[in-house]
Amino acid sequence: MTGPDELPLRPELRGRSPYGAPQVPAAYRLNTNENPHPLPAELLADLGAALGHAALELNRYPDRDAVALRTDLAGYLSRTSGEAVTPQQVWAANGSNEVLQQILQAFGGGGRTALGFTPSYSMHPIISAGTGTAWVDGHRRGDFTIDAAAAAAQVREVRPDVVFVTSPNNPTGTAVALETIEQLYSATAGVLVVDEAYTEFARAGTRSALTLLPGRPRLIVSRTMSKAFGMAGLRLGYLAADAAVVDALQLVRLPYHLSSLTQAAARMALAHTDALLATVDEVKAQRDRIVEALPALGLTSVPSDANFVLFGHFADAPAAWRALLDRGVLVRDVGLPGWLRVTAGTATETDAFLTALAAVVAEHGGRT
Ligand SMILES: *Cc1c(COP(=O)(O)O)cnc(C)c1O
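Residues numbered from 1 in each chain as written. Predicted model: local features only at pLDDT ≥ 70, side-chain atom pairs only at ≥ 80, totals over all residues. Heavy atoms only, no water.

Per an unreviewed UniProt entry, the protein goes by Histidinol-phosphate aminotransferase and derives from Blastococcus colisei. Comment text from UniProt for the protein, heading Sequence similarities (unreviewed entry), reads "Belongs to the class-II pyridoxal-phosphate-dependent aminotransferase family. Histidinol-phosphate aminotransferase subfamily." Its UniProt record gives the protein a comment under Subunit (unreviewed entry), which states: "Homodimer." (UniProt positions renumbered as here; feature names shortened; annotations may be inferred.)

The following block contains the structure:
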């Protein structure tokens, strides 16, 4: 069998592995930050009808500009952020990963550079590589927070074309202060992408970077329906930015990239926003429960504004990962020495996780 490296593959892709959390069978899958709550019954019924209706037109190409969907998304953003966002400022694609790819196609690419503050979402460097964009690791403090002045200085020095800030950050969980985002925006001549995939789970008082959009034409805020909306299978991500950014992305998007079924399903989901987001408070309560239970087990966590918790320290995190899996609980080893990441889900899942974790700690005498 021929391996990819024996093909005339682009040199920067040689020897790389595809992205993907190990999906091993487990009773409790707490490794990919999905919302485990089932979709509301009324939504499922309405989705069936909406998809049936859209199916009648499947002989036709979809609305290339997804105007109705972008209008609904703009309505959701305006309602929840208090910031007036117009449909012309919104763009949608198949997951925020595709949104990020389009951003890099338009603003990154050969001879250009992207910078992000690691550890952060591992798809940012992977999509950069896929678009031929060079990647530079930005620095964080030892406690995973971003030192705004040092970060801005690094941006001034590297002069990246695209800067990524994930807020709340994945895999560490903490939201980034808007003052830091403002400073990074001032420091760069490139576009600043704030990846807000988890923003609906942020602790009270956390403000979205949407509020910084006026007067900042190079600021892009990306969002997704994969996490709080509980619709990872739908593949719907979107962004808000200056309308000029949306115009720029038209140059690289594939025509008719969003199927009419996706557009219809996403619109119906948005019509049920309140019911879908009703589980967010429950997930946050489980997250806080995990955080509060850790000290009694001799463990600690990083402050979380997301639906997951980065917890440690373990002498041997891979061994702890394995010991939890042996008890039916699959968490994520994100490759940070001493730390593991667990998704907050239902109360039952949290019970199972905390019980397994207590057993693992007891067995290894806290020196796992
Ligand atoms: C899960 C996640 C996404 C979501 O990607 P989709 O393609 O929308 O499913 C985006 N950014 C971050 C930081 C994530 O963790």
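## Structural notes on the site of the ligand
Around the ligand, a shell composed of 13 residues is seen, among which Ser96, Tyr198, Thr224, Ser226 and Lys227 lie nearest. Separating a nitrogen atom of the ligand from a side-chain N or O atom of aspartate 195 is a distance of 2.8 Å. Take arginine 235: an N or O atom from its side chain is 2.7 Å from an oxygen atom of the ligand. Computed on the free molecule, the ligand has an accessible area of 390 Å², of which 94% lies beneath the protein chains in the complex. In this structure the site holding the ligand corresponds to the largest pocket. Per-class residue counts for the shell around the ligand are three nonpolar, seven polar and three charged. (Near = heavy atom within 4 Å. Polar contact = N/O pair within 3.5 Å; in protein donor to acceptor, adjacent residues only side chain to side chain. Areas by Shrake-Rupley, 256 points an atom, 1.4 Å probe, with all protein chains shown as cover. 1 Å grid on protein atoms, 1.4 Å probe; cavity = no way out; pocket = protein on both sides within 12 Å on 5 of 7 lines; lining within 4 Å. Sits in = over half its atoms within 2 Å of the grid points. Nonpolar A, V, L, I, M, F, W, Y, C, P; charged D, E, K, R; others polar.)

## A closer look at the domain arrangement of the protein
When the domains of the protein are assigned, the result is domain 1 (22-37 + 279-364) and domain 2 (41-272). Put simply, the middle of domain 1 and the middle of domain 2, counted by C-alpha atoms, are 27 Å apart. Counting from both sides, the interface comprises 19 residues of domain 1 and, opposite them, 19 residues of domain 2. Between domain 1 and domain 2 lies a buried interface of about 1700 Å² when both sides are counted; carbon and sulfur atoms form 58% of it. Our count for the domain 1 to domain 2 interface comes out at one salt bridge. A salt bridge links aspartate 305 to arginine 203; the nearest nitrogen and oxygen atoms lie 2.8 Å apart. Remark: the boundary between domain 1 and domain 2 carries ten residue pairs in polar contact (both at pLDDT 80 or more). Where the side of domain 1 that touches domain 2 is concerned, the elements lending two or more residues are helix H10 (280-293) and strand E10 (308-312). No other element matches H10, which puts four residues into the side of domain 1 that touches domain 2. Of the residues contributing to the side of domain 1 that touches domain 2, the split by class is ten nonpolar, five polar and four charged. (Domains from an automatic or database assignment. Contact = heavy atoms within 4.5 Å. Buried area = accessible area lost by both parts, 1.4 Å probe. Salt bridge = Lys/Arg side-chain N within 4 Å of Asp/Glu carboxyl O. Helix = DSSP H or I, 4+ residues; strand = E, 2+ residues; numbered from the N terminus.)

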